[in-house]
Amino acid sequence: MIEIIDSHLHFFALDEGHYGWLKPQNPPHWPDKHKLVRSVSESDLQLHEPLSLAGFVHIEAGFDNTKPWREIDWLAQHCQRPYAAVAFWDLLAAEAEQTLEALLQRPKVSGVRYILDDDGVAILSHPLIAQRFALLQEAGLGFDVQLPLSATASVQALLSLIRQFPGVRFIINHAGFPFHDTHSQNPWRQSLNELAKSPNVAIKLSGWEMQDRQWSKESVRHVMAYVLDVFGHERVMLGSNFPLCLWHSSYKDFWQTMVSLVAPDTRNQVACTNARHWYQISG
């Protein structure tokens, strides 16, 4: 049996949450976004032998960005398998400290995310940022980083924080969007090498469909090999980005493909135990 801990997925409870980004009038304006607009939960995660789902990491999905603890409470009520939660946390909000206190009162919260994307420099250079990351370090929480690693100015701002706060686990989402690099992956590769020098940085191989709906096994193999070479096998995790991965293939087919790309002697680390360690999943 090959155990999987899915390091990056989302559930949608459309009857209870807000999910403003899923509304057709709101960005992102993906032509196929309507295919995502349905409630999905743990019961939708189906794998076939020899794969077995041992747990997962739920990444905030916009349930309620004004009261992000509501999403955490929903997860506590509906999830049965071992899991960790990464909550939404507005780094620049006036009430950020109070929100973090509310999140820390909930179980399973391992970290937070505030999507940076193309606003990385502006957000990470804000006067309040050092104070916010000091709070994360004091709380022992991680920060999920979503930005293209080809955006070198944003990466430099990120590196400054990484070095300033070695107690924060910085986890790069979606391999840093390698397919978006328009310069033969040179800036992406350079950023990856710089980030890998800091031991408090890990990276998730996920989100391929956000970059290319028709991604190929060979394109992923190429990226995966480079990331594993740079980061080693202790700081790389596999994630599905469910339900967005369904744009490309079924959940079980996705995982069969990912597992086939990892060497057997490192499969357990990359597919399971690294996520348990970096997200502090118990059980």
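As the structure is a prediction and not an experimental result, all values here were calculated from the model.

### Topic: the layout of surface pockets
The volume enclosed by the largest pocket comes to roughly 610 Å³. What lines the largest pocket is a set of 25 residues, and nearest its centre among them are Pro28, Arg113, Ile115, Asp117 and Gln146.

### What about the nonpolar core?
By size, the foremost hydrophobic cluster in this structure holds 90 residues, and its most contacted members are Phe133, Phe143, Phe170, Leu195, Phe231, Trp255 and Met258. Sort the elements by how many residues they give to this core and helix α8 (residues 217–231) lands first, with 8 residues. Among residues more than four places away in sequence, those in contact with Trp255 are Ile4, Asp6, Leu47, Leu51, Leu238, Gly239 and Ser240. Counting 14 residues, the second largest nonpolar core, distinct from the first, contains Ala84, Met237, Tyr279 and Ile281.

### Considerations on the sheet that holds strand β2 (residues 51–59)
With parallel pairing, 8 strands are arranged side by side in an open sheet as β1-β2-β3-β4-β5-β6-β7-β8. Strand pairing shows two members of the sheet lacking a second neighbour, β1 (2–9) and β8 (236–238), which therefore form its edges. Direction aside, neighbouring strands of the sheet carry axes that sit 25° apart on average. The pairing of β2 with strand β3 (residues 83–88) spans 4 bridges and is classified as parallel. Within the sheet, the bridge partner assigned to Val57 lies in β3 and is Ala84. Relative to the sheet, helix α1 (residues 69–78) contacts β2, β3 and β4 (109–113), its axis offset from that of β3 by approximately 160°. Each of β1, β2 and β8 is contacted by helix α9 (residues 251–260), which is oriented at about 110° to β1, the strand it contacts most.

### With respect to helix α10 (residues 267–278)
With 12 residues, α10 extends 16 Å from end C-alpha to end C-alpha; this agrees with the ideal 16 Å at 1.5 Å per step. If you check which residues of α10 are buried, you get Arg267, Val270, Ala271, Cys272, Asn274, Ala275 and Trp278. Looking one or two residues past α10, Gln280 carries a phi angle of roughly 55°, positive in sign.

Calculation criteria
- Residues numbered from 1 in each chain as written.
- Predicted model: local features only at pLDDT ≥ 70, side-chain atom pairs only at ≥ 80, totals over all residues.
- Heavy atoms only, no water.
- 1 Å grid on protein atoms, 1.4 Å probe; cavity = no way out; pocket = protein on both sides within 12 Å on 5 of 7 lines; lining within 4 Å.
- Points joined across faces, edges and corners; volume = space filled by probe spheres on them.
- Core = buried A, V, L, I, M, F, W, Y, C linked by side-chain atoms within 4.5 Å.
- Buried < 20%, exposed > 50% of the residue type's maximum accessible area, 1.4 Å probe, protein only.
- Helix = DSSP H or I, 4+ residues; strand = E, 2+ residues; numbered from the N terminus.
- Contact = heavy atoms within 4.5 Å.
- Pairing = 2+ DSSP bridges.
- Axes fitted to C-alpha atoms, helices over the stretch in contact; angles between N-to-C directions.
- Expected span 1.5 Å × (residues − 1).

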